[in-house]
Amino acid sequence: MSAPVNFTAPFHALIVAAGTGQRAGGGVPKQYRLLAGKPVLRRTVDAFAGTPGLQSITVVIGAGQEADCASALSGIETLTVVPGGASRQESVRNGLEDLTRRLGDAAEAAVVLIHDAARPFATPRMIQSVSETAHRAGAALPALPVVDTLKSAAADGTVAATVPRAGLHRAQTPQGFRLGAILAAHRAADPAQEATDDAMLAELAGLPITLVPGEETNVKLTTEADFAAAEQRLSVARETRTGMGFDVHRLVTGDHLWLCGIRIDHDQTLLGHSDADVGLHAITDAILGALGDGDIGQHFPPSDPQWKGAPSDAFLRHAATLAARRDAKILHVDATLICEAPKVGPHRAAMRARVADILGLSKDRVSIKATTTEKLGFTGRGEGIACQAVATLSLPPYEDESE
Ligand SMILES: Nc1ccn([C@@H]2O[C@H](COP(=O)(O)OP(=O)(O)OP(=O)(O)O)[C@@H](O)[C@H]2O)c(=O)n1
Ligand SMILES: C[C@](O)(CO)[C@H](O)COP(=O)(O)O
């Protein structure tokens, strides 16, 4: 069984991609270079796009990078592009100002995760952990303890001293903050003292920052050697898993029902403890199946009064959260609704968009189909609606527990 249900903390992603990548070389700014066939920036954006809780993505780019950015992010519609500045700090500030204007009254308390485009390997698990900690504690920084002995060097290339490493950490991104507080810290910053990360400005503003575990794999692509190591790492295969889900709910007299997250006016309703959305239940079970993590009844027992009448998008979101915690990416879901009525065709596009939205996927990763059973069986007689679904997930190889 999994941990208690956690309704995902909402957050906004701010990805800074306005650098010129001088140390990496390569003729084109490193965030637009291909890594295993995909632009670095696209990998970074995709890492966030699949993370439950994401509210918006802002990408900050440099002057003259518009075409490279459009090509790297083609097909992604729900994203805002903002012009950057001469330094990372200026680029972050521009992004924060723009996001604040767009959010209006909601800006002050919103949580923003500020991330380097040059770190394409942040996992959804770490992104969520930063977001949840920022919600709880105000500011969160992923970091790893320093494990090597540290030396300071003299100008002539000899060792000047050994620097005590106890308590020292390497800071990573995404760094999470309340938007109002981090923007105030940026506005108050002394332009002469350039900060190398946003946590530094938060420290100077007196904000307490909570450390969360960073990830060794969350490297910042800085040099050509980093690119070579990243290519090597991506050549190691992930595991692909498929899960299936099946659900049935009884039809009784009513005036509407829910199917795949869409309310449909109808002269019958589906009976169930929750809103009885048979489509979302089957898709939820398919994802849980691919994770090998029980079924919807285990996570949301019908005996538990808190799920009475509950909207089923919460169940699907929970499955997506569990997937993110396992560093699993949902590649595709495919559901078939089995009923004589209501007709699914007029609602199919809305259902597809709704499921994609709940899972943080693009619509082309979601398929909704429907069939009748030629008036045969309980679905044919209009006594109930059934749904079957499959979900395909890509995830890090499982340890073989039998060994
Ligand atoms: N004026 C700048 C400078 C940097 N960045 C972004 O900040 C992140 C971290 O910076 P870094 O790795 O130093 O990138 P570059 O500045 O591009 O690299 P270099 O210093 O080698 O030129 C990168 O995603 C980079 O695109 C930015 O948005 N605006
Ligand atoms: C923000 C950062 O990635 C945290 O480690 C880092 O400080 C960026 O440094 P850079 O000099 O802009 O590469």
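Rules used in this analysis
Residues numbered from 1 in each chain as written. Chains lettered and ligands numbered in written order. Predicted model: local features only at pLDDT ≥ 70, side-chain atom pairs only at ≥ 80, totals over all residues. UniProt positions renumbered as here; feature names shortened; annotations may be inferred. Helix = DSSP H or I, 4+ residues; strand = E, 2+ residues; numbered from the N terminus. Contact = placed C-beta atoms within 7 Å. Near = placed C-beta within 6 Å. Nonpolar A, V, L, I, M, F, W, Y, C, P; charged D, E, K, R; others polar. Axes fitted to C-alpha atoms, helices over the stretch in contact; angles between N-to-C directions. Parallel < 35°, antiparallel > 145°, perpendicular 65-115°, else oblique. Left-handed = near helix turned anticlockwise from the far one by under 90°. Expected span 1.5 Å × (residues − 1). Buried ≥ 20, exposed ≤ 12 C-beta atoms within 10 Å, placed from the backbone. Pairing = 2+ DSSP bridges. Domains from an automatic or database assignment.

Caption draft 1: Quick look at the UniProt feature "binding site: a divalent metal cation" (unreviewed entry) in the protein chain. Under the local residue numbering, the UniProt record ascribes the feature "binding site: a divalent metal cation" (unreviewed entry) to D247, H249 and H281. Taken together, the annotated residues stretch across 35 residues yet fold into one region, lying no more than 10.1 Å apart by C-alpha. Mapped onto the elements of the fold, D247 is located in strand β13 (residues 239–253). Excluding residues within four positions of it along the chain, D247 makes contact with V278, H281, A282, D285 and C387. When near neighbours in sequence (up to four residues on either side) are disregarded, H249 contacts L270, L271, G272, A276, V278, G384 and I385.

Caption draft 2: The site of ligand 2, seen in detail. Every residue close to ligand 2 is listed here: R88, D116, A171, Q172, T173, T196, D197 and K220. Taken together, the residues of the shell around ligand 2 sort by class into one nonpolar, three polar and four charged.

Caption draft 3: The arrangement of the site of ligand 1 in detail. The full set close to ligand 1 counts 22 residues, and V16, A18, G19, R23 and S91 are the nearest of them. Elements that contribute at least two residues to the shell around ligand 1 include exactly β1 (11–17) and α3 (88–103). Across the shell around ligand 1, the residue classes tally to eight nonpolar, 10 polar and four charged.

Caption draft 4: Representation of the packing of helix α8 (residues 278–291) against helix α10 (residues 313–325) in the model. Their axes nearest at 9 Å, the elements α8 and α10 cross at an angle of 15°. By the angle between their axes, α8 is roughly parallel relative to α10. Of the two possible hands of crossing, α8 and α10 adopt the one that is left-handed. From α8, L280, H281, I283, T284, I287, L288 and L291 reach across to α10, where they touch D313, F315, L316, A319, A320, L322 and A323. Across the contact of α8 with α10, the residue classes break down as 11 nonpolar, two polar and one charged.

Caption draft 5: Representation of α10 in the model. When the terminal C-alpha atoms of α10 are compared, their 18 Å separation across 13 residues agrees well with the 18 Å that a helix rising 1.5 Å per residue should span. By the criterion of burial, α10 is predominantly enclosed, with 11 of the 13 residues buried. When α10 is considered as a whole, its buried residues turn out to be D313, F315, L316, R317, H318, A319, A320, T321, L322, A323 and A324. The secondary structure elements touched by the buried residues of α10 are α4 (124–137), α8, α9 (296–299), β17 (329–338), α11 (348–359) and β19 (384–395). Once α10 finishes, D327 follows within two positions and takes phi at roughly 60°, a positive value.

Caption draft 6: Geometry of the UniProt feature "domain: 2-C-methyl-D-erythritol 2,4-cyclodiphosphate synthase" (unreviewed entry) in the protein chain. This chain's UniProt record puts "domain: 2-C-methyl-D-erythritol 2,4-cyclodiphosphate synthase" (unreviewed entry) on residues 241–393. With 31% helix and 33% strand, residues 241–393 has end C-alpha atoms that lie 5 Å from one another.

Caption draft 7: Structural detail: the pairing of strand β6 (residues 111–116). Burial of β6 is extensive: six of the six residues sit out of reach of the surface. Relative to β6, β1 is paired through five bridges, and the arrangement is parallel. Each residue of the ladder has a partner; that of I15, found in β6, is H115. Pairing analysis gives four bridges linking β6 to strand β11 (residues 175–178), with the strands arranged antiparallel.

Caption draft 8: Inspection of the domain arrangement of the protein chain at higher detail. When its domains are assigned, the protein chain resolves into domain 1 (11–234) and domain 2 (239–395). The straight-line distance from the C-alpha centre of domain 1 to that of domain 2 is 36 Å. In this assembly, 10 residues from domain 1 lie in contact with 10 residues from domain 2. Among the elements that take part in the side of domain 1 that touches domain 2, α4 stands out by supplying three residues, more than any other.

Caption draft 9: Fine view of the sheet that holds strand β16 (residues 268–271). Spatial ordering of the open sheet is given by β16-β13-β19-β17-β18, a layout of five strands whose pairing is mixed. Pairing within the sheet leaves two strands with one partner each, and these edge strands are β16 and β18 (366–371). Going across the sheet, the axis of each strand differs from the next one's by a mean of 25°, ignoring polarity. Direction of pairing for β13 relative to β16: antiparallel, over a ladder of four bridges. Residue pairing for β16: R250 is matched across the bridge by L271. Strands β17 and β18 of the sheet are contacted by α11, whose axis makes an angle of about 140° with β18.

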